[in-house]
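For reference, the chains in residue letters:
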Amino acid sequence: CAKQYGLEDFLTDLVSRACVQILPKDPTQFNVDNVRVAKIPGMAVFDSFLLNGFVLTRNSEGTIKHVDDAKIVVFGTEVDLSATETKGNVLIKSADELMNYSKSEEEAMEKCVKEIKDAGVNVMVAQSTVSDMALHFAERFKIMVIKCPSKFECARICKLTGATSLARFGAPLPEEVGQADRVSVDEIGGTPCTTFVRDSLESTKVATIVLRSSTSNQLSDLQRAVDDGVNIFKQMTKDGRFVAGGGACELRMAASLKELAEKTPGLEQYAIRKYAEALETIPRTLAENAGQDTTSTVSNLYAAHAQGNLNHGINIEQPGTKDMLEGMVVDHLVTKRESLRLASQSAITVLRVDTIIMAKQAGGPDPNRAPGD
């Protein structure tokens, strides 16, 4: 969330409340996929909000737009009568036979939809197509119909409501029916959104952060910031240790490596010095992005650390350094450690490949070969 300067407090509050809302009894089993993001253009960033449920950026199929105390059935197949596997021809000789033929199909569909209604269902979610006849009888029996083509979104609706995705079209069993306090179609910024809300529960299995902004680019940046925040929360459930941010940790490691290089004989000291210079890239980049003189700023930071202020980092608000812990600017220890480990492994791999290429004999004519051979 710190990537959005000026919005970090607002976004951090949204992310933390969403993560706490879906936190399981065993925090180590926290699943980042249960915090969803819905991007809706319009309004300002501060109009973003958290919903204890799931937001589907689609309209419902019929005229029913609101259902309280919803009983939900989810079909992973099309909402229509199953067709025969073999083809056949029907010879109709009169208008009465034509009427009776279509009437029998309508009666079969009406019976199927009535059985679904008798099971207590008042909201129907379909992953595939919904036939016009099925929609007609669903409207007659006051069943809200929602089409959700994404199997991942259907899976999250099932997780939120406790429903079971059915592979057949028909009446569900009682344990296959999900529940929600409210299912409604609300227009947010001109975008029709279907919301599945479970406010009656202290904790839900799915939470949705609805992001608002005037541009699509900022919405994408906000989504990346939220994803980073949720992943940091997941890391916190395993290891809650943090280090000072703002380049303080990297500069302290660089200073320690330079001291180690002074005591190391042989050619290894040059590799250690270069590793220390690589670590200085982080504070130098921060100073450059803040519009400061990188050389003087990094030098001042070295001086602050030499005086014992080991938590000082780059102050991006004004030239100089400040205590990162007092300013609540921290980095997660696991993230920092893994990034250094992966960067080191990548550098070693590149050096190993270069060594192999250099050791291999280059192509071209053989100098020991006589002309004409």
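Use the structure listed above.
Just so you know, these numbers come straight off a predicted model, no measurement behind them. (Residues numbered from 1 in each chain as written. Predicted model: local features only at pLDDT ≥ 70, side-chain atom pairs only at ≥ 80, totals over all residues. Heavy atoms only, no water.)

**Re the sheet that holds strand S1 (residues 35-41)**
Logical step 1: Taken together, the three strands give an open sheet; going across it, the order is S1-S10-S2, and neighbouring strands pair in mixed fashion. Edge positions in the sheet fall to S1 and strand S2 (49-51), since each has one partner strand and no second. The mean inter-strand angle of the sheet, taken between neighbouring strand axes irrespective of direction, is 25°.
Logical step 2: Pairing of S2 with strand S10 (residues 207-213) involves three bridges; the strand directions are antiparallel. Directly across from Leu50, in S10, lies its bridge partner Ile209. (Pairing = 2+ DSSP bridges. Helix = DSSP H or I, 4+ residues; strand = E, 2+ residues; numbered from the N terminus. Axes fitted to C-alpha atoms, helices over the stretch in contact; angles between N-to-C directions.)

**Points about the side chain of Arg198**
Logical step 1: Relative to the elements of secondary structure, Arg198 occurs in the loop between strand S9 (191-197) and S10.
Logical step 2: Buried within the structure, Arg198 lacks any salt-bridge partner; its nearest side chain of opposite charge belongs to Asp181, at an N-O separation of 5.0 Å.
Logical step 3: Looking at Arg198, its side chain comes within polar contact range of the main-chain oxygen of Leu160, at 3.2 Å.
Logical step 4: Discounting chain neighbours no more than four positions away, the residues touching Arg198 are Asn52, Leu160, Thr161, Gln179, Ala180, Asp181 and Thr204. (Buried < 20%, exposed > 50% of the residue type's maximum accessible area, 1.4 Å probe, protein only. Lys, Arg positive; Asp, Glu negative; His and termini not counted. Salt bridge = Lys/Arg side-chain N within 4 Å of Asp/Glu carboxyl O. Polar contact = N/O pair within 3.5 Å; in protein donor to acceptor, adjacent residues only side chain to side chain. Contact = heavy atoms within 4.5 Å.)

**Description of the environment of Val243**
Logical step 1: Residue position: Val243 is located in strand S11 (residues 242-244).
Logical step 2: Residues Val243 and Arg140 lie 103 residues apart in sequence; the distance between their C-alpha atoms is 62 Å.
Logical step 3: Not counting chain neighbours up to four residues away, the residues in contact with Val243 comprise Cys249, Val330, Asp331, Leu333 and Lys336.

**So, the pairing of strand S6 (residues 144-147)**
Logical step 1: Sheet topology note: the strand S5 (residues 123-126)/S6 ladder contains four bridges and is parallel. The residue of S6 that forms the bridge with Met124 is Val145.
Logical step 2: As a crossover connection, the stretch from S5 through helix H3 (residues 132-140) into S6 is right-handed. (Right-handed = clockwise from strand over helix to strand, strands pointing away.)

**Digging into the packing of aromatic side chains**
Two numbers describe a pair of aromatic rings. These are the distance of the centres and the angle of the planes.
Logical step 1: Using the criterion set out here, one finds three aromatic pairs in the structure.
Logical step 2: Here Phe30 and Phe233 contribute two aromatic rings whose centre-to-centre distance is 5.1 Å and whose plane-to-plane angle is 55°, an arrangement assigned as tilted. Taken together, the residues span a long stretch of sequence, with Phe30 in the loop between helix H1 (8-21) and S1 and Phe233 in helix H5 (residues 216-238) at a distance of 203 residues. Both residues of the pair, Phe30 and Phe233, belong to the buried class.
Logical step 3: Ring geometry for Phe75 and Phe169: centres 5.3 Å apart, planes at 65°, overall edge-to-face. One end of the pair, Phe75, is in strand S4 (residues 66-75); the other, Phe169, is in the loop between strand S7 (165-166) and strand S8 (178-188), and 94 residues separate them in sequence.
Logical step 4: Looking at Phe75, the relative accessible area reads 0%, which means it is buried.
Logical step 5: Classification of Phe169 by relative accessible area gives buried; the value is 16%. (Phe/Tyr/Trp six-rings, centres within 6.5 Å; stacked < 30°, edge-to-face > 60°.)

**Details of helix H6 (residues 248-263)**
Logical step 1: The end-to-end C-alpha distance of H6, which contains 16 residues, comes to 23 Å, matching closely the 22 Å that a straight helix rising 1.5 Å per residue would cover.
Logical step 2: Buried residues of H6: Ala248, Cys249, Glu250, Leu251, Ala254, Ala255 and Ala261, and no others. (Expected span 1.5 Å × (residues − 1).)

**A short note on the nonpolar core**
Logical step 1: Core analysis: the biggest nonpolar cluster contains 22 residues, and Ile72, Val123, Val125, Val183 and Phe196 have the highest contact counts within it.
Logical step 2: At the level of elements, strand S3 (53-56), S4, S5, S6, helix H4 (151-161) and S8 are the ones that each hand at least two residues to this core.
Logical step 3: When near neighbours in sequence (up to four residues on either side) are disregarded, Phe196 contacts Asn52, Gly53, Phe54, Ile72, Val125, Ile146, Ile157, Leu160, Arg182 and Val183. (Core = buried A, V, L, I, M, F, W, Y, C linked by side-chain atoms within 4.5 Å.)

**Things to note about the environment of Ser203**
Logical step 1: With respect to the helices and strands, Ser203 occurs in the loop between S9 and S10.
Logical step 2: The exposure class assigned to Ser203 is partly exposed, which follows from its relative accessible area of 43%.
Logical step 3: For the pair formed by Ser203 and Met124, sequence separation is 79 residues and the distance between their alpha carbons is 24 Å.

**Observations regarding unusual backbone geometry**
Logical step 1: Residues other than glycine seldom take positive phi values, yet Asp69 does so here, at roughly 50°.
Logical step 2: When you line up the elements, Asp69 lands in strand S4.
Logical step 3: Not every positive phi belongs to a glycine, and Lys142 is a case in point at roughly 60°.
Logical step 4: For Lys142, the location among the structural elements is in the loop between H3 and S6.
Logical step 5: For Lys142, a relative accessible area of 58% corresponds to the exposed category.

**Observations concerning the side chain of His312**
Logical step 1: In this fold, His312 is placed in strand S12 (residues 312-314).
Logical step 2: Given the relative accessible area of 17%, His312 is considered buried.
Logical step 3: When neighbours within four sequence positions are excluded, His312 is seen to be in contact with Ala248, Leu301, Ala304, His305, Thr321, Lys322, Asp323 and Met324.

**Here we look at the pattern of salt bridges**
Where charged atoms from two side chains of opposite charge come close, those side chains can pair.
Logical step 1: Under the definition given, this model contains 14 salt bridges.
Logical step 2: Of the charged contacts in the structure, one is a salt bridge between Glu250 and Lys336, with a shortest N-O distance of 2.5 Å. On the criterion of sequence distance, the pair formed by Glu250 in helix H6 and Lys336 in helix H10 (residues 333-359) is long-range, its members being 86 residues apart. Note on accessibility: Glu250 and Lys336 belong to one class, buried.
Logical step 3: Among the ionic contacts, a cluster of salt bridges with common partners joins Glu250, Asp331 and Lys336.

**Some points on the pairing of S9**
Regular strands show a simple pattern: their side chains alternate between the two faces of the sheet.
Logical step 1: Burial runs high along S9: five of the seven residues are buried.
Logical step 2: The pairing of S3 with S9 spans four bridges and is classified as antiparallel. Note that in S9 the partner of Gly53 across the bridge is Val197.
Logical step 3: By the bridge criterion, seven bridges tie S8 to S9 in an arrangement that is antiparallel. Residue pairing for S9: Glu187 is matched across the bridge by Pro192.
Logical step 4: Here S8 folds back onto S9 in antiparallel fashion, the turn holding two residues, of which Gly189 has a positive phi close to 60°.

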